[in-house]
Every structure is written in C-alpha cells, then in structure tokens.
Amino acid sequence: MLGKQTDEVRKWTGPLVTIECQNPATLEKLGEVPSLSAAEVAERVERARAAQVSWGKTSLAERRRVLRLLLDYILLHQEEICRLCSTDSGKTLADAAMGEIFPVCEKIRYLIDHGEDDLRPDPRPSGLLMHKAARVEYLPLGVVGVICPWNFPFHNILCPTVPALFAGNAVIAKTSEWTAWSAADFQAIFNEVLTQAGYSSDLVQIITGDGNTGRALVNSGVEKIFFTGSPENGRKVMAAAAETLTPVVLELGGKDPMIICDDADLDQAVGAAMLGVFTACGQMCVAAERLYVFDGIYDRFVDKVVQKAQALRQGPPSLDRGGDFDVGALTMPRQLEIIERQLADAVKKGARVLVGGRRNPHFPGQFFEPTVVVDCDHSMDLVKQETFGPVMTILRVHSEEEAIRLANDSRYGLGSSVFTKNRRRAERIAKGISAGMTVANDYGIAYMVQSAPFGGVRSSGFGRINGREGLRSCCHVKTIVTDKLPLHLPMSLYPIRPATFPMLTGAAQLFYGKGIGERAKGAVQVARSLVAMVRDSRRSQS
Ligand code: NAD
C-alpha cells in the first residue's frame, strides 16, 4: 500500500538543505523533503551501481515479469497515484488519469509485448568479409540518471525510468523541486515491486533536490542522462555533461502548432483544440500553443471555442467530489506572471482576449482562468515564447503555404497537428511542418503510440524516447564480429613490399569498380601484384 511505507521512506537522513512543498491549488504546506548534496548523490549512484550488477544479467523474460508486477501495482493504486499528483501539481483527477496513468501503462504494455524484439541481437551483413558474422547487441549501460520537470510528477519519472530498467540498467531519477512531495510515495511503489520480485530497491532510486542536485547527478559518473525540462537548463546540462563526455538525451520545451484547414471537421477540430490547450491546464510540452485557423472556418471555429471555454469549470482537486472541475491550477507561481506578461504584450500589439485573461479570483491558489485570445501574430511573445498555461492563442491564415511557414517560424519543433478531411493535404502539411511529430485530425496521440519515437528538433531538444529508438537509447549498442567459417588465413600485410600498394588499389578497383570491364582491370592488377609479391618474397629468402 502506498501510504504504509511513506513515513518510513520519508525518514531521509543527512540532508543539507530542505525543500518546502506546497499544494499549488490551496497553498497549503505539504511538508519538507531533502535537497540532496553532491556527496549524497554520489553515494546513491554507488548503491545503484552495486544493485545493477545482478539485474544487468537477468533475462528479458525476467525483466518482463518485474514490469508486469509494476503494471499490476499501478493499476491497483491508480486512484491514489492520481490524488498524489493532483495534490502535488494542482491538476484535476481526470487530467492525472489521462496524463499520468494512461501513458505509463501503455509504455509498460509496449515494453512487455515488444521490448524483447527491440533488444534482440540484430544480425548485420558482413559485406566483403563473407567468412565473418556481425551482429549488434543491446547491452545495459550501467546507471542511468533521469532529471524531471514538474508538469507530470509520476509520468515524468516513469517515462525514462521504465525502459532504462527494462534495458538492464539501474536508475537514479531526480524529481522537480516543484513536485517533490510525492517522490517518497513513488519510491515506495518501486520498493514494494522490486522487493516482491526479489531485487534490491537500490535499483530505482527517486531523489529530491533542486538544480544543484541535478547538476551533481550529471557530474556523478552515471552512464547517461535523460533530461526533461527547459531549453535553458538543457543547455547547462549539456555543457556539464561535455566535461565528462556523458551522453545526454534532451527533451525540452515546445510551442506546438495546430493547423485547422477550411475543410476540417469543425467539431473534431474544436474538441481537439480544447483538449490540446486546456488539458493539465496547458502545462504540457506538447500543448497546442499556436492555433493557425484558415480564414474560411475562422469565425465558426472561434464562436465554438469561446462557448466551450466559457463553460469550463475551474477549481482545486481537493474540492472535487468527482467531475466537478474541468481545469485545475498552475503548478508554479512563476507561471502566472509569465502568462500575464505574455497576454499584456499581445493585447498591446492588437490581440483581443475573448474569454478569461486573468487570475481566477475565486480561489486563493495558483489559478489562471481558461483564456481565448484572437487576432494574434508573430510579433507577440505569446506566439514566440512557451506559455505553459490555459491560453488558446488563435492566428488567422489564408493558405497552406502561409500556415506551414508560420508553423515553422519558431525556435521549437516538438509536436504538431493538422485538421483536414483531405488525406493528401494532411500528408503535404505533415511533411512540411518541421517538428518531431505531426498528428492528423487528432491531438497529442503520437505519445500514446509507444512504438513510435518521441522527441524534438531545434530548441525542443534531441535524442528520442519511446519506441525501438527510445529503448535502444537506454543501451550500450555494441558490435560483435565472430567467425562464420573457421578460416584462418595466413595473411600478414608486413613487411610492406613494392607491390603491396598496387595490390590494394587493384583490390579496391576489383570490389568497387563500375561494370565488369573496370573490375576485370582491378583483378588483373591484383594478380600481377600478388605474383610480384611472391617473387619478391622468394628473392628475399634466398
Ligand atoms: P526546468 O528546466 O526548470 O527544470 C527541469 C529539471 O532540471 C528540474 O528537476 C530541475 O531541478 C533541474 N535542473 C535545473 N537546473 C539544472 C542544472 N543546471 N543541471 C541539472 N538539472 C537542473 O524545467 P521545468 O520548469 O521543470 O519544466 C518545464 C519545461 O519542461 C518546459 O519547457 C516543458 O516544455 C519541458 N518539458 C518537456 C517535455 C518533453 O518531453 N519534451 C516534457 C515535459 C516538460
């Protein structure tokens, strides 16, 4: 049971500094957690390294068994997990179920069903060396470090942790200092599952701390870092990792475009836009932050989203008796100021706020009202910078060319979507958008397709999570070349003789020459060189 182990797990020892946690929806103080020092991080990594030795030797079938236990545990405790996430981050229970539970369960299911195929040794053609057999092995890296943001307290930990564990690694995952309160309970989940399966709970350690703890993890000698967070801190992580040549995967910010063509199914587009903007109060890396709506459908689209946004009910998850609220609170106090500043700049430059546009005065917590803004353009910070809030930013476009050009006019390139009934148009626009993922006639589902890689371009980061690519990025990708035929050719290049060089150039001509004539020339040159080499060798022996 989650709560049972919590007190015990929360008895951390020797913290240098503590982080005070509060519920962003009520501003109630939740408690304190330690901010681990560099020495404490190093000690955790050492423990993880020891636990990984036996885990790294387990079969994939055994790892599947452990993931099945984890999945069962999550399903049994999903409501508690959702409540923990809501308390820590301010999101509604429905947002927690959708964003914390579903993608994690789908990821575990994918790994159970397909992980073994993705990590099976991969034979490769050995080319000219026909007597050799080549293959690629996907071996554990050792200890993997995970650094998380605050928007999905549970999912952000498990998303890189579960594949890294399945690939045979131990994991140290640092939560965000803004959602650190639930860390002890999430640690308890792993403790229970790993102990039940017969493994050390040091295999997965969830640690708390601020940027200094994160920096210590990057510098700790772990074999790889999976960082999810802002581009600004991503740059710092990359610079620190460069010192030790630690590989990094960076999952950074987004400013996703949603293109709604004039031939789109209006209700479908409106539904997806509401989901893309207001889910998790807009605090998603793949939130639909720029809506490019074609002139021919613009007014009807705006009328509908305005009606729907006005009807949204906002409130603290703690007062939710089940289905009372559609939109929760913002997790970070700083985010309220960012949204206010961006909206003020947009209004000064000609945008009109049709719904919301202010802090919600009915609650003491960090609530910003669901907002709809029209007449936006690319001079505005609201269009250029990440907003991370419940703000629907609508821009009018007149053509496919204009929509694609504006969609690509961003430092970010994470997700994107296009709405049209014309399949060819959807394909054309999808290929034209410069982003990691594009979805046609839907919002955000690229993440639920766990077989497909997920990640960004430009300031949205690099490297991939999810799918075969994501799982293999948790591995030491090793090439092994062995004998196919036990040929032991008595071959030595040394000493180099006058005919050695013409023999090598002749061989290149023989193997790679264009057409039979060119290759035959190479064969003759090789034969002559070999004869010369034999003569030369006999002369030097006599
Ligand atoms: P952030 O960069 O402020 O913090 C992320 C994490 O990095 C935190 O745990 C923090 O303690 C740690 N950190 C800070 N400085 C560090 C340093 N120098 N070295 C190591 N670690 C350090 O980001 P945030 O505000 O928590 O999260 C919001 C951002 O995350 C947004 O930009 C959002 O788009 C992005 N995000 C991206 C994805 C994705 O998959 N691409 C998913 C979720 C969130």
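Being a predicted model, the structure only gives us computed values, none of them experimental.

Peer 1: I'm lost on the packing of aromatic side chains in this one. Help?
Peer 2: Here a ring pair, both rings aromatic, is described through the centre-centre distance and the interplanar angle of the planes. For the coordinates displayed, the defined rule picks out six aromatic pairs. A ring pair is formed by tryptophan 55 and tyrosine 199, whose centres lie 5.0 Å apart and whose planes are at 80 degrees; its orientation type is edge-to-face. Taken together, the residues tryptophan 55 in helix α2 (residues 38-55) and tyrosine 199 in the loop between α7 (183-197) and β7 (204-207) connect sequence positions 144 residues apart. We classify tryptophan 55 as buried; its relative accessible area is 1%. When the ring centre of tryptophan 55 is taken as origin, the NZ or CZ atom of arginine 63, which lies over that ring, is 5.9 Å away. Seen from the ring of tyrosine 298, arginine 396 lies directly overhead, with NZ or CZ sitting 3.9 Å from the centre.

Peer 1: Would you mind showing me how to read a nonpolar patch on the surface here?
Peer 2: There is a patch of nonpolar side chains on the surface, built from Leu128, Leu129, Phe511 and Tyr512 and spanning about 440 Å² of accessible area. One can find leucine 128 in the loop between β3 (122-124) and β4 (132-140).

Peer 1: For this particular structure, what's the right way to read the site of the ligand?
Peer 2: With respect to spatial proximity, 29 residues lie near the ligand, and among them Cys148, Glu177, Ser230, Leu252 and Glu386 are the closest. Between an oxygen atom of the ligand and a side-chain N or O atom of serine 230, the distance comes to 2.6 Å. Contact distances for the ligand include 2.8 Å between a nitrogen atom and a backbone N or O atom of leucine 252. For the ligand, whose unbound accessible area comes to 850 Å², protein coverage reaches 92%.

Peer 1: How should the packing of helix α4 (residues 78-89) against α7 be read in this particular structure?
Peer 2: Where α4 meets α7, the closest approach of the two axes is 10 Å, and the angle between their N-to-C directions is 155 degrees. Relative to α7, the element α4 is oriented roughly antiparallel. Note that α4 runs across α7; the crossing there is left-handed. Each of Ile81, Leu84 and Cys85 in α4 lies in contact with α7, whose residues at this interface are Asp185, Phe186 and Ile189. Split by residue class, the contact of α4 with α7 holds five nonpolar, no polar and one charged.

Peer 1: I'm lost on the pairing of strand β9 (residues 248-251) in this one. Help?
Peer 2: A regular strand carries its side chains on alternate faces of the sheet. The side-chain alternation of β9 yields two buried faces, one formed by Val248 and Leu250 and the other by Val249 and Glu251. Taken together, the four bridges between strand β8 (residues 224-228) and β9 define a ladder with parallel strand orientation. Bridging from a neighbouring strand, phenylalanine 226 pairs with valine 249 of β9. With respect to chirality, the unit in which β8 leads through helix α9 (residues 231-244) into the neighbouring parallel β9 is right-handed. As defined by bridge partners, β9 adjoins strand β19 (residues 461-462) across two bridges and the pair is classed as antiparallel.

Peer 1: Got a minute to help me understand the sheet that holds β4 in this structure?
Peer 2: Strands belonging to one sheet form pairs held by backbone hydrogen bonds; the direction of such a pair is parallel or antiparallel. Here three strands make up an open sheet; going across it, the order is β3-β4-β20 and the pairing antiparallel. The two strands at the open ends of the sheet, each matched to only one other strand, are β3 and β20 (475-483). Neighbouring strand axes in the sheet, compared pairwise and without regard to direction, differ in orientation by 25 degrees on average. Where β3 lies against β4, three bridges are found, and the strand directions are antiparallel. Across the sheet, aspartate 122 pairs through a bridge with valine 136, a residue of β4.

Peer 1: For this particular structure, what's the right way to read the nonpolar core?
Peer 2: Considering soluble globular proteins, one finds that nonpolar side chains tend to be buried as a cluster. If you look at the biggest cluster of nonpolar residues, it comprises 151 residues, and the most contacted ones within it are Ile74, Ile259, Ile260, Leu291, Phe301, Met392 and Ile394. Counting residues per element, this core draws most heavily on helix α5 (residues 93-119), which supplies ten residues. Two domains each provide a minimum of three residues to this core, namely domain 1 (13-251 + 467-479) and domain 2 (256-448). In contact with isoleucine 394, other than residues within four places in its own chain, are Leu291, Val293, Tyr298, Phe301, Val302, Val305, Val372, Val373, Val374, Asp375 and Cys376.

Peer 1: Is there a simple way to think about the domain arrangement of the protein in this case?
Peer 2: Where interface size is quoted, it is often the accessible area lost as the parts come together. You can read the domains of the protein as domain 1 (13-251 + 467-479), domain 2 (256-448) and domain 3 (489-541). For domain 2 and domain 3, the distance between their C-alpha centroids amounts to 67 Å.

Peer 1: I keep staring at the pattern of salt bridges and nothing clicks. Help me out?
Peer 2: One side chain can pair with another of opposite charge once the charged atoms of both are near each other. As enumerated under the stated definition, the model contains 38 salt bridges in all. Taking the shortest distance from any N to any O, the salt bridge between lysine 29 and glutamate 32 comes out at 3.7 Å. As a salt-bridge pair, aspartate 113 and arginine 109 come within 2.8 Å of each other at their nearest N and O atoms. Highlighted residues: aspartate 113 and arginine 109, both in helix α5, separated by four residues, approximately one helical turn. Residues joined by salt bridges that share partners form a network here, namely Asp262, Asp263, Glu400, Arg425 and Arg428.

Peer 1: Even after reading the chapter, I still don't get the sheet that holds strand β5 (residues 143-147), so can you show me in this structure?
Peer 2: If you trace the six strands from one edge of the open sheet to the other, you get β7-β6-β5-β8-β9-β19, paired in mixed fashion. Each of the sheet's edge strands pairs with one partner strand only, and the pair in question is β7 and β19. In this structure, strand β6 (residues 170-174) lies alongside β7, joined through four bridges in parallel fashion. Bridge assignment links isoleucine 172 to a residue of β7, and that residue is glutamine 205. On the sheet, helix α8 (residues 211-218) packs against β5, β6, β7 and β8 and is oriented at approximately 155 degrees with respect to β5.

Peer 1: Help me understand the pairing of strand β2 (residues 29-35), please; the structure alone is not making it clear to me.
Peer 2: As paired elements, strand β1 (residues 17-22) and β2 share six bridges and run antiparallel to each other. Bridging from a neighbouring strand, glutamate 20 pairs with glutamate 32 of β2. The hairpin formed by β1 and β2 contains six residues between the paired strands, and leucine 27 there has a positive phi angle of roughly 65 degrees.

About the criteria used
- Residues numbered from 1 in each chain as written.
- Predicted model: local features only at pLDDT ≥ 70, side-chain atom pairs only at ≥ 80, totals over all residues.
- Heavy atoms only, no water.
- Phe/Tyr/Trp six-rings, centres within 6.5 Å; stacked < 30°, edge-to-face > 60°.
- Helix = DSSP H or I, 4+ residues; strand = E, 2+ residues; numbered from the N terminus.
- Buried < 20%, exposed > 50% of the residue type's maximum accessible area, 1.4 Å probe, protein only.
- Lys NZ or Arg CZ within 6 Å of the ring centre and 35° of its normal.
- Patch = residues over 30% accessible without salt bridge, like charges linked within 9 Å, V, L, I, M, F, W, Y side chains within 5 Å.
- Areas by Shrake-Rupley, 256 points an atom, 1.4 Å probe, with all protein chains shown as cover.
- Salt bridge = Lys/Arg side-chain N within 4 Å of Asp/Glu carboxyl O.
- Near = heavy atom within 4 Å.
- Polar contact = N/O pair within 3.5 Å; in protein donor to acceptor, adjacent residues only side chain to side chain.
- Axes fitted to C-alpha atoms, helices over the stretch in contact; angles between N-to-C directions.
- Parallel < 35°, antiparallel > 145°, perpendicular 65-115°, else oblique.
- Left-handed = near helix turned anticlockwise from the far one by under 90°.
- Contact = heavy atoms within 4.5 Å.
- Nonpolar A, V, L, I, M, F, W, Y, C, P; charged D, E, K, R; others polar.
- Pairing = 2+ DSSP bridges.
- Right-handed = clockwise from strand over helix to strand, strands pointing away.
- Core = buried A, V, L, I, M, F, W, Y, C linked by side-chain atoms within 4.5 Å.
- Domains from an automatic or database assignment.

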